[in-house]
Amino acid sequence: MSQVKIQKVQGEINNGIQVMEDNLQAAQSLDDNFDRLHGESNQLEEGTKGKSCQVHKRSWWRNNRWTLVVIFVVLLIIGGIVAGYFITSRKLTT
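Since this is a predicted model, take the numbers as computed values, not measurements.

What counts as what
- Residues numbered from 1 in each chain as written.
- Predicted model: local features only at pLDDT ≥ 70, side-chain atom pairs only at ≥ 80, totals over all residues.
- Heavy atoms only, no water.
- Helix = DSSP H or I, 4+ residues; strand = E, 2+ residues; numbered from the N terminus.
- Rg over C-alpha atoms; globule rule 2.2 N^0.38 Å.
- Buried < 20%, exposed > 50% of the residue type's maximum accessible area, 1.4 Å probe, protein only.
- Areas by Shrake-Rupley, 256 points an atom, 1.4 Å probe, with all protein chains shown as cover.
- Salt bridge = Lys/Arg side-chain N within 4 Å of Asp/Glu carboxyl O.
- UniProt positions renumbered as here; feature names shortened; annotations may be inferred.
- Patch = residues over 30% accessible without salt bridge, like charges linked within 9 Å, V, L, I, M, F, W, Y side chains within 5 Å.
- Phe/Tyr/Trp six-rings, centres within 6.5 Å; stacked < 30°, edge-to-face > 60°.

**Student:** Outline the overall build of the chain, listing residues and values.
**Tutor:** For the chain, the helix and strand inventory stands at one helix and zero strands. Here the C-alpha atoms of the chain give a radius of gyration of 40 Å, more than 25% beyond the 12 Å that 2.2 N^0.38 yields for 94 residues. Oriented by its inertia axes, the alpha-carbon framework of the chain measures out at about 135 × 20 × 10 Å. Counting across all 94 residues of the chain, residues that qualify as buried make up 0%. Total accessible area on the chain stands at roughly 8900 Å², and carbon and sulfur atoms take up 64% of it.

**Student:** Could you give an account of the pattern of salt bridges, with specific residues and numbers?
**Tutor:** A complete count under the given rule lists one salt bridge for this structure. Across the pair Arg-36 and Glu-40 runs a salt bridge whose closest N-O atoms are separated by 3.2 Å. Pair noted here: Arg-36 and Glu-40 are both in helix H1 (residues 2-93), with a separation of four residues, about one helical turn. Its relative accessible area of 37% is what places Glu-40 among the partly exposed residues.

**Student:** Please provide a residue-by-residue account of the UniProt feature "domain: V-SNARE coiled-coil homology" (unreviewed entry) in the chain, values included.
**Tutor:** UniProt marks residues 5-62 with the feature "domain: V-SNARE coiled-coil homology" (unreviewed entry), using the numbering shown here. Secondary structure within residues 5-62 divides into 100% helix and 0% strand; the distance between the first and last C-alpha atoms comes to 81 Å.

**Student:** Kindly report on the UniProt feature "transmembrane region" (unreviewed entry) in the chain, identifying the contributing residues and their values.
**Tutor:** Taking the UniProt record as the reference, the feature "transmembrane region" (unreviewed entry) is found at residues 66-87. Between the C-alpha atoms that bound residues 66-87 the distance is 31 Å, and the span itself is 100% helix and 0% strand.

**Student:** For a nonpolar patch on the surface, give the residues involved together with the corresponding values.
**Tutor:** Among the surface-exposed residues, Trp-60, Trp-61, Leu-68, Val-70, Ile-71, Val-74, Leu-75, Ile-78, Val-82, Tyr-85 and Phe-86 lie close enough to one another that they form a single nonpolar patch of about 1100 Å² accessible area. Locating Leu-75 in the fold gives a position in helix H1.

**Student:** An account of the environment of Gly-50 is needed here, citing residue identities and associated values.
**Tutor:** As for its position among the elements, Gly-50 is in helix H1. Linking Gly-50 and Asp-32, residues 18 residues apart in sequence, is a C-alpha distance of 29 Å.

**Student:** Pulling in residues and values, what's your account of the packing of aromatic side chains?
**Tutor:** For the structure on display, the rule yields one aromatic pair. Seen from their ring centres, Tyr-85 and Phe-86 are 5.8 Å apart, and the 65° between their planes marks the pair as edge-to-face.

The structure is reproduced here in structure tokens:
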């Protein structure tokens, strides 16, 4: 009977060792996947640094283009009014 108990305990120990080895392999696999994903995310981050600046400049121009056009038109109108005032004031004085 004691031989049977010893074999049973030995089987449980072997089973526990196998489970531990499987867990270690799974942990190593997860660590490898994490390292790979970390490297890929770093590559993506470096690749987007230059592009984000370009997109920012392009979107700034798109957002402010009409503002600049309106400012230019207003300045032209003001310039026309001032020029018209000076032209009419010269005609009145002569």
